[in-house]
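Spelled out from the first residue to the last, the chains are:
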Amino acid sequence: MRCKYCNVEVLGQATLCPLCHEKLEPDGDASQIAPTYPPKRARKRTRHTHFTFNNVYLFVAAVLFLIGLTVNLMLTPRVQWFWLIGLVALYGFLLIRYTILSAHSIGMKILQQAAMILILVLASYQVFRHVRLDAYPKNLALEIALPSILSVSTLVMGILTAVHARRRPSVLIDCMLLSALGLLPLILYFARVLQTLYGGIVSACVSAITILCCLFFGRHELGEEFRKKFHL
């Protein structure tokens with residue numbers, strides 16, 4: 001605005017002239033004066049859809065579970081195998097959501113899959129145990145499944161570590177931690193929880209070989225990763 005008394009250009013939205021202290025009158029239309037704050041922008045409304053992964057998957061899983069429950073109660077009411085459908089559906093959800101679509105480390109993904117497969121095996125054994133396996137000990141599935149799953153998981157982790165170790169040295173630490181779990185069956189055997197020694201020996205040997213390979217071939221990368229992680 002310009003003061004009509006002293007002919008001074010005044011910037012901003014002052015109401016009085018800083019020189020003569022007379023009242024300022026805006027030039028032209030007052031609505032064209034730039035506001036002090038920028039105008040608030042209208043937010044774009046996002047359209048919410050019900051066809052998300054969670055909704056579709058849960059709907060399909062619920063339908064399959066109800067169908068399995070109906071068939072189970074009508075045909076084989078003595079064997080309640082419909083719980084396995086729910087566990088398989090839960091495993092599929094965790095597999096897609098927290099493994100395939102997840103940004104977790106490779107070791108965490110393999111550990112999650114190993115835990116879920118072990119739960120499925122133990123649940124299957126408990127469902128069908130009284131059909132044919134009454135003469136076997138109750139922890140038969142645990143003695144077979146636990147060493148086997150840990151051995152396979154360690155081998156898979158070792159292969160992935162050998163492929164990605166140079167580009168992502170952090171997988172070496174994941175491999176070391178996951179391989180250490182392979183000693184668990186042997187520890188449970190000496191604690192008299194398990195009765196089978198051979199599975200624990202195989203799992204421990206696979207773990208020991210994998211750990212030694214990480215220490216020998218990736219000792220420099222491991223040293224750097226430990227220094228970064230513990231700020232040494």
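Only a predicted model underlies this, so the values are computations on that prediction, with no experimental measurement involved.

Caption draft 1: The arrangement of the packing of helix H4 (residues 140–164) against helix H5 (residues 171–180) in detail. Direction vectors running N to C along H4 and H5 enclose 165°, while the axes themselves pass 9 Å from each other. One finds that H4 runs roughly antiparallel with respect to H5. Crossing angle aside, the handedness with which H4 passes H5 is left-handed. Each of Ser153, Thr154, Met157, Gly158, Thr161 and His164 in H4 lies in contact with H5, whose residues at this interface are Val171, Leu172, Asp174, Cys175, Leu178 and Ser179.

Caption draft 2: Just helix H2 (residues 82–100), in detail. For H2, which comprises 19 residues, the first-to-last C-alpha distance of 26 Å matches the rise-based estimate of 27 Å (1.5 Å per residue) to within 8%. Of the positions making up H2, those classed as buried are Phe82, Leu84, Ala89, Tyr91, Gly92, Phe93 and Thr99.

Caption draft 3: Main features of the packing of aromatic side chains. Applying the stated criterion across every chain yields a total of six aromatic pairs. Centre to centre, the rings of Phe65 and Phe82 are 5.9 Å apart; their planes meet at 65°, and the pair counts as edge-to-face. Here the residue Phe65 occupies a position in helix H1 (residues 53–75), and Phe82 occupies one in helix H2, the gap between them amounting to 17 residues. By way of ring pairs, the aromatic residues Phe65, Phe82 and Trp83 are connected into one cluster. The ring of Phe216 carries the charged tip of Arg219 above its face, separated from the ring centre by 5.4 Å.

Caption draft 4: Expanded view of the confidence of the model for the protein chain. Here the protein chain averages 80 in pLDDT, and 83% of its residues register 70 or above. The secondary structure element of the protein chain with the lowest average pLDDT is helix H8 (residues 219–230), at 78, and the one with the highest is helix H7 (residues 198–217), at 92.

Caption draft 5: Representation of a nonpolar patch on the surface within the structure. A cluster of nonpolar side chains, contributed by Val56, Phe59, Val60, Val63, Leu64, Ile67, Val71, Met74 and Leu75, occupies part of the molecular surface with about 860 Å² of accessible area. Relative to the assigned elements, Val63 resides in helix H1. Judged by its relative accessible area of 34%, Val63 is partly exposed.

Caption draft 6: Local environment of the side chain of Asp174. Looking at the secondary structure, you find Asp174 in helix H5. Arg168 provides the closest opposite charge to the buried, unpaired Asp174, separated from it by 6.2 Å. Residue contacts for Asp174: discarding those within four places in its chain leaves Ser105, Ile106, Gly107 and Met157.

Caption draft 7: Inspection of the packing of H5 against H7 at higher detail. Packing of H5 against H7 leaves a shortest axis separation of 9 Å and a crossing angle of 155°. Taken together, the axes of H5 and H7 are roughly antiparallel relative to one another. At the point where H5 passes H7, the crossing takes the left-handed sense. For the pair H5 and H7, contact is made by Leu172, Cys175, Met176, Ser179 and Ala180 and by Ser207, Thr210, Ile211, Cys214 and Leu215, respectively.

What counts and what doesn't
- Residues numbered from 1 in each chain as written.
- Predicted model: local features only at pLDDT ≥ 70, side-chain atom pairs only at ≥ 80, totals over all residues.
- Heavy atoms only, no water.
- Axes fitted to C-alpha atoms, helices over the stretch in contact; angles between N-to-C directions.
- Helix = DSSP H or I, 4+ residues; strand = E, 2+ residues; numbered from the N terminus.
- Parallel < 35°, antiparallel > 145°, perpendicular 65-115°, else oblique.
- Left-handed = near helix turned anticlockwise from the far one by under 90°.
- Contact = heavy atoms within 4.5 Å.
- Expected span 1.5 Å × (residues − 1).
- Buried < 20%, exposed > 50% of the residue type's maximum accessible area, 1.4 Å probe, protein only.
- Phe/Tyr/Trp six-rings, centres within 6.5 Å; stacked < 30°, edge-to-face > 60°.
- Lys NZ or Arg CZ within 6 Å of the ring centre and 35° of its normal.
- pLDDT = per-residue confidence, 0-100.
- Patch = residues over 30% accessible without salt bridge, like charges linked within 9 Å, V, L, I, M, F, W, Y side chains within 5 Å.
- Areas by Shrake-Rupley, 256 points an atom, 1.4 Å probe, with all protein chains shown as cover.
- Salt bridge = Lys/Arg side-chain N within 4 Å of Asp/Glu carboxyl O.
- Lys, Arg positive; Asp, Glu negative; His and termini not counted.

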